[in-house]
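Each chain is listed here by its residues.
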Amino acid sequence: MMAKLLITDDAAFMRMTLKKMVTDAGFEVVAEAENGLEAVDLYKEHRPDIVTMDITMPEMNGIEALQKIREYDPEAKVIMCSAMGQQNMVVDAIQKGASDFLVKPFDESRIKESLEKTLSK
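Right, let's walk through the structure included here. (Residues numbered from 1 in each chain as written. Predicted model: local features only at pLDDT ≥ 70, side-chain atom pairs only at ≥ 80, totals over all residues. Heavy atoms only, no water.)

1. Description of the pattern of salt bridges
Stated formally: By salt bridge we mean one thing: a side-chain nitrogen of Lys or Arg within 4 Å of a carboxyl oxygen of Asp or Glu. The way it works is that DSSP assigns letters per residue, a run of H or I at least four long becomes a helix, a run of E at least two long becomes a strand, and they are numbered from the N terminus. Here's how the labels work: a residue is buried when its accessible area is under 20% of the maximum for its type, exposed when over 50%, partly exposed in between, all with a 1.4 Å probe on protein chains only.
All chains considered together, the criterion is met by 11 salt bridges. A salt bridge links Arg 15 to Glu 32, with the shortest nitrogen-to-oxygen separation between them at 3.1 Å. Pair noted here: Arg 15 is in helix H1 (residues 12-24) and Glu 32 is in strand E2 (residues 28-33), with a separation of 17 residues, a long-range link. For Glu 32, a relative accessible area of 31% puts it in the partly exposed group. Where Asp 54 meets Lys 104, a salt bridge forms, and the shortest distance between an N and an O atom there is 3.0 Å. Note that Asp 54 is positioned in strand E3 (residues 50-54) and Lys 104 in the loop between strand E5 (100-103) and helix H5 (108-119), a separation of 50 residues in sequence. According to the relative accessible area criterion, Lys 104 is buried, its value standing at 15%. Each member of the salt-bridge network shares a partner with another, and the members are Asp 100, Arg 110, Glu 113 and Lys 117.

Shown next, in the form of structure tokens:
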């Protein structure tokens, strides 16, 4: 069975890039969100196996969205995505329950490894 993903990033190009990489790796993308608010609503609607969450976004940032999703579902698996130089935010996200983190620009083999590792937790 294919694992279902929700991709969250305010940049359409990043969502498209990530979607191609994860579908090539054998995962199904069930929804895409542009910001944290959308991600929380789409999580409740689709109940994906994994959420990829950008940290810096308008409306609601990735860390706030991570907390809201984990309040709703303490078992939620969320992988944070950050640009270089956001280490302090990554640490904050891990403390708040993120399963893993990916650094942009994305590396295809690292994404696959992170998804598989997160699924097996």
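2. Re the sheet that holds strand E4 (residues 78-82)
The criterion, for reference: Between any two strands, at least two bridges found by DSSP are needed for them to pair. Axis definition: a line fitted to C-alpha atoms, limited for helices to the stretch in contact. Angles are taken between N-to-C directions and run from 0 to 180 degrees. Throughout, a contact is declared for two residues whenever any of their heavy atoms are within 4.5 Å.
With parallel pairing, five strands are arranged side by side in an open sheet as E2-E1-E3-E4-E5. Looking at strand neighbours, the two that pair on one side only are E2 and E5, the edges of this open sheet. When strand polarity is set aside, the average angle formed by the axes of neighbouring strands in this sheet is 20°. With five bridges connecting them, strand E1 (residues 4-8) and E2 associate as parallel partners. Pairing of Thr 8 across the sheet is with Ala 33, part of E2. Lying on the sheet, H5 is in contact with E1, E3, E4 and E5; it crosses E5 at an angle near 170°.

3. A few points about the nonpolar core
Here is the rule: Think of a nonpolar core as a cluster: buried Ala, Val, Leu, Ile, Met, Phe, Trp, Tyr and Cys residues, connected wherever their side-chain atoms sit within 4.5 Å.
If you look at the biggest cluster of nonpolar residues, it comprises 22 residues, and the most contacted ones within it are Leu 6, Met 53, Ile 69, Val 78 and Met 80. Breaking this core down by element, the ones donating at least two residues are E2, helix H2 (36-46), E3, helix H3 (62-72), E4 and helix H4 (87-95). Formed by 16 residues, the second largest nonpolar core is a distinct cluster that contains Ile 7, Met 14, Ile 50 and Ile 79.

4. Details of the pairing of E4
Defined as follows: Here a crossover is taken to be right-handed if, once the strands point away from the viewer, the path from the first strand over the helix to the second is traced clockwise.
Where burial is concerned, most of E4 is hidden: five out of the five residues are buried. The pairing of E3 with E4 spans four bridges and is classified as parallel. The partner of Val 51 across the bridge, within E4, is Val 78. As for the winding sense of the linkage, the β-α-β connection from E3 through H3 to E4 is right-handed. Here E4 pairs with E5 via four bridges, running parallel. Residue pairing for E5: Ile 79 is matched across the bridge by Asp 100.

These figures come from the coordinates and say nothing about function on their own.
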